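Examining the three-dimensional arrangement
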Amino acid sequence: AFHNITTACDECVTGRYQDQNTSANVSCKSCGAGQYAAAAASACTDCAIGYYDGDSDPATACLQCAGGQSTTAAGATACTGCTAGQEADSTGCTDCLAGQVDHDSNQATACQDCAAGTITASAAQTSCTSCAAGKYAAAGSTACTDCAAGKYDHDGSASTDCEDCDAGTYAAAGQTACTDCATGTYDDDSSPATTCVTCDAGRYSAAAATGCIDCAA
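Rules of the game
Residues numbered from 1 in each chain as written. Predicted model: local features only at pLDDT ≥ 70, side-chain atom pairs only at ≥ 80, totals over all residues. Heavy atoms only, no water. Pairing = 2+ DSSP bridges. Helix = DSSP H or I, 4+ residues; strand = E, 2+ residues; numbered from the N terminus. Disulfide = S-S within 2.5 Å. Buried < 20%, exposed > 50% of the residue type's maximum accessible area, 1.4 Å probe, protein only. Salt bridge = Lys/Arg side-chain N within 4 Å of Asp/Glu carboxyl O.

So, the pairing of strand S11 (residues 86-89)
- Strand direction decides the pairing type here: S11 and strand S12 (residues 92-95), joined by four bridges, are antiparallel. Within S12, the residue paired with Gln86 across the bridge is Asp95.
- Joining the antiparallel neighbours S11 and S12 is a turn of two residues.

Here it is, written out as C-alpha cells:
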C-alpha cells in the first residue's frame, strides 16, 4: 500500500494501489474503470451491483444508480433501466415473483402482492388477473382455487371465502349457488358435498329435505 522512495514510504493516493510487500522498488498502480481505491489501498474494489463509476475516476466513490435502474454485474461504468415487470434492488433488476405485480410500471418501487381475488401465474407481470366466479384466491396467490364441494361463491367475489351450503342442499366444486335436494330425495348425511339420496319405497320428501316421511296408510 506504499510507494518506496529514498528515505521513507509514501501512501498510494486514492485511485491507486500497491499490492507488493517484498520489493523495495515498487510503484503505485492505477485502478481500472468501474473500480475505486481509498488511500493506501492494496487492491482496487469493483463498484457494487446497483452502483457505477460515473466519471471513470477511481479516486472518487462509486455512485448509486437512479431509481428504477441498476447494473447487471459489479464493476459497471453505467446503469441500465429495469424493464416493466421488474424492480431495482441490491441484486440488480429483479423480476416480480408469480403472485406479485409491477403495479405502477415504475421499477423504482417494489413489486406488490396481487390483491385477494386476483393472481399472476408467472413472474414479471404488470397486471393481475381476476379469478372467475366460483373460485377464490388469497392475496399473493399464483392460482385461483375452486370453491370446494359443499361450498359456494355466495357473493360472486373471488376475494372472499366460499361459504358452506345449508343442510338439505348440495354443491359440486366451483359453484356459485347450492342446489336443493329434489322432492323425493334427501340429505342423508348432512354433508352438502355429497349428492342427495332417493327416499325408500313408501316414503316421500319435499325439496331440501334432510329426511324422508312415511306415506300415510
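Some points on the state of the cysteines
- Tallied over the full model, the rule gives twelve disulfides.
- Each sulfur of the disulfide joining Cys165 and Cys178 lies 2.0 Å from the other. Handedness here is read from the sign of the S-S torsion; for Cys165 and Cys178, about -85 degrees, the answer is left-handed. Of the two residues, Cys165 is situated in the loop between strand S20 (163-164) and strand S21 (169-170) and Cys178 in the loop between S21 and strand S22 (179-180); the sequence distance between them amounts to 13 residues.
- Looking at Cys178, the relative accessible area reads 24%, which means it is partly exposed.
- A sulfur-sulfur distance of 1.9 Å marks the disulfide that ties Cys181 to Cys196. Looking down the S-S bond of the Cys181 and Cys196 bridge, the torsion is -80 degrees, so its handedness is left-handed.

Some details on the pattern of salt bridges
- This model, assessed by the stated rule, comprises four salt bridges.
- Notably, a salt bridge pairs Asp164 with Lys151, separated by 2.7 Å at the nearest N-O pair. Of this pair, Asp164 sits in strand S20 while Lys151 sits in strand S19 (residues 151-152), placing them 13 residues apart in sequence.
- By relative accessible area, which is 29% here, Lys151 ends up partly exposed.
- A salt bridge links Arg203 to Asp214, with the shortest nitrogen-to-oxygen separation between them at 2.8 Å. Pair noted here: Arg203 is in strand S25 (residues 203-204) and Asp214 is in strand S26 (residues 213-214), with a separation of eleven residues, a long-range link.

Distances and angles like these do not, on their own, reveal function.
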